Amino acid sequence: MGRRDPRVDAYIAKSREFARPILTHIREVVHTACPEVEEAMKWSMPHFMYHGMLCGMAAFREHCSLGFWKAALIMKEEARSRDAMGQFGCIRSVDDLPSRATLTRYVKAAMRLNESGETVPRRAKPPRPVRLPTELRAALTRHPEARAAFERLSPSHRREYAEWILEAKRPETRDRRVATAVEWIAEGKSRNWKYVRS
């Protein structure tokens, strides 16, 4: 049997008047579709748990939101709104939600995904380009082995070196850091090599 959390009752009671029927409706649909669901407060908002995170709802000043944890596997891209947190845009009344049958279908799909342990594939973000300080670029040009080692470093390690040098306020400090960086890079060391456990 599912479990209702009194903190969710309190959350609904403290919400604005327009939001209470929306949150109550969502709650009832989720409990009807998934009788074993358990409520929890996460990030100060009500969430519904069933073999992991199922969905969550929230009330704001002028709208509510509803979000399914694995929406990318439940709903088609064109059905998801980008207007607000969650997938249904700014919900200002129960009429802004999909039908009870559609919401029930989404809850059941989320349940099956959680039962099977399926996860949403992460979209790989392209790495931010590394902006090399002029001094480091010139030093690496003069030291081909350091340049080759630098190119083998991950983008985040290259960025750490670049940012460390760019943070220097005085030219002398920058020059010292460039010299140290070239030495460490030639040895195949990352910027924070001292803190890496072996």
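Draft legend 1. Here's a closer look at helix H5 (residues 134-142). Considered for burial, the residues of H5 that qualify are Leu-136, Ala-139 and Leu-140. Summarising the axial view, the buried residues of H5 lie within an arc of 100°, below the 170-degree limit, and thus occupy one face. Facing away from the buried side of H5 by over 90 degrees, the exposed positions are Thr-134, Thr-141 and Arg-142.

Draft legend 2. Looking closely at the nonpolar core. Grouped together as the largest cluster of nonpolar side chains are 36 residues, with contacts concentrated most on Leu-54, Leu-66 and Phe-68. Setting aside chain neighbours within four positions, we find Leu-66 in contact with Ile-26, Cys-55, Gly-56, Met-57, Gly-86, Gln-87, Phe-88, Ile-91, Leu-97 and Leu-103. Core analysis: the second largest hydrophobic core is formed by 17 residues, Leu-140, Tyr-161, Ile-165 and Val-182 among them.

Draft legend 3. Examining the sheet that holds strand E1 (residues 38-42) more closely. Taken in spatial order, the four strands make up an open sheet running E1-E2-E3-E4, and their pairing is antiparallel. The outermost strands of the open sheet, each flanked by one partner alone, are E1 and strand E4 (64-68). With direction set aside, neighbouring strand axes in the sheet form an average angle of 25°. As defined by bridge partners, E1 adjoins strand E2 (residues 45-49) across five bridges and the pair is classed as antiparallel. Along E2, the bridge assignment pairs Glu-38 with Met-49. The strands touched by helix H2 (residues 19-33) within the sheet are E1, E2, strand E3 (53-59) and E4, with E3 carrying the most contacts at an inclination of about 170°. Sheet strands touched by helix H4 (residues 100-116): E3 and E4. Its angle to E3, the strand with the most contacts, is close to 135°.

Draft legend 4. Examining the pairing of E4 more closely. Of all five residues that make up E4, five are buried, and the element is covered over most of its length. The two faces of E4 match: Cys-64, Leu-66 and Phe-68 on one face and Ser-65 and Gly-67 on the other face are all buried. Of the pairings in the sheet, the one linking E3 to E4 comprises five bridges and is antiparallel in character. Bridge pairing in E4 places Ala-58 opposite Ser-65.

Draft legend 5. Representation of the environment of Val-94 in the model. Mapped onto the elements, Val-94 comes out in the loop between helix H3 (71-74) and H4. Setting aside residues no more than four positions away along its own chain, Val-94 makes contact with Pro-21, Ile-22 and His-25.

Draft legend 6. View of the pattern of salt bridges. Going through the model one piece at a time under the given rule, you end up with eight salt bridges. Residues Arg-27 and Glu-39 are paired through a salt bridge, measuring 2.6 Å at the closest nitrogen-oxygen approach. With Arg-27 in helix H2 and Glu-39 in strand E1, this residue pair connects regions lying 12 residues apart in the sequence. Pair check on accessibility: Arg-27 and Glu-39 agree, each one buried. A salt bridge links Glu-135 to Arg-174; the nearest nitrogen and oxygen atoms lie 3.3 Å apart. One end of the pair, Glu-135, is in helix H5; the other, Arg-174, is in helix H8 (residues 171-186), with 39 residues separating them in the sequence. Classification of Glu-135 by relative accessible area gives partly exposed; the value is 28%. Since its relative accessible area comes to 19%, Arg-174 is described here as buried. Residues joined in a network through salt bridges with shared partners are Asp-9, Arg-27 and Glu-39.

Conventions we followed
Along each chain, residue indices are assigned from 1 in the same order as the chain's sequence is written. Local features in a predicted model are, by the rule used here, given only for residues with pLDDT of at least 70; side-chain atom pairs are given and counted only at 80 or more, and totals for whole chains, interfaces and linings are based on all residues. Neither water nor hydrogens contribute to the side-chain values; these are computed over all heavy atoms in the structure. Burial classes: relative accessible area under 20% of the type maximum marks a residue as buried, over 50% as exposed, and values in between as partly exposed (1.4 Å probe, protein chains only). Helix and strand definitions here come from DSSP, where helices need a minimum of 4 consecutive H or I residues and strands a minimum of 2 consecutive E residues; each element is numbered from the N-terminal end. It is the directions from the helix axis to the C-beta atoms whose arc is reported. We call a set of buried Ala, Val, Leu, Ile, Met, Phe, Trp, Tyr and Cys residues a nonpolar core when their side-chain atoms join them within 4.5 Å. Contact criterion: two residues are considered in contact whenever any of their non-hydrogen atoms come within 4.5 Å of each other. Only strands joined by at least two bridges in the DSSP assignment are considered to pair. Between the N-to-C directions of two axes lies an angle of 0 to 180 degrees, each axis being a line fitted to C-alpha atoms and, for a helix, fitted only over the stretch in contact. Whenever a carboxyl oxygen of Asp or Glu lies within 4 Å of a side-chain nitrogen of Lys or Arg, that contact is scored as a salt bridge.

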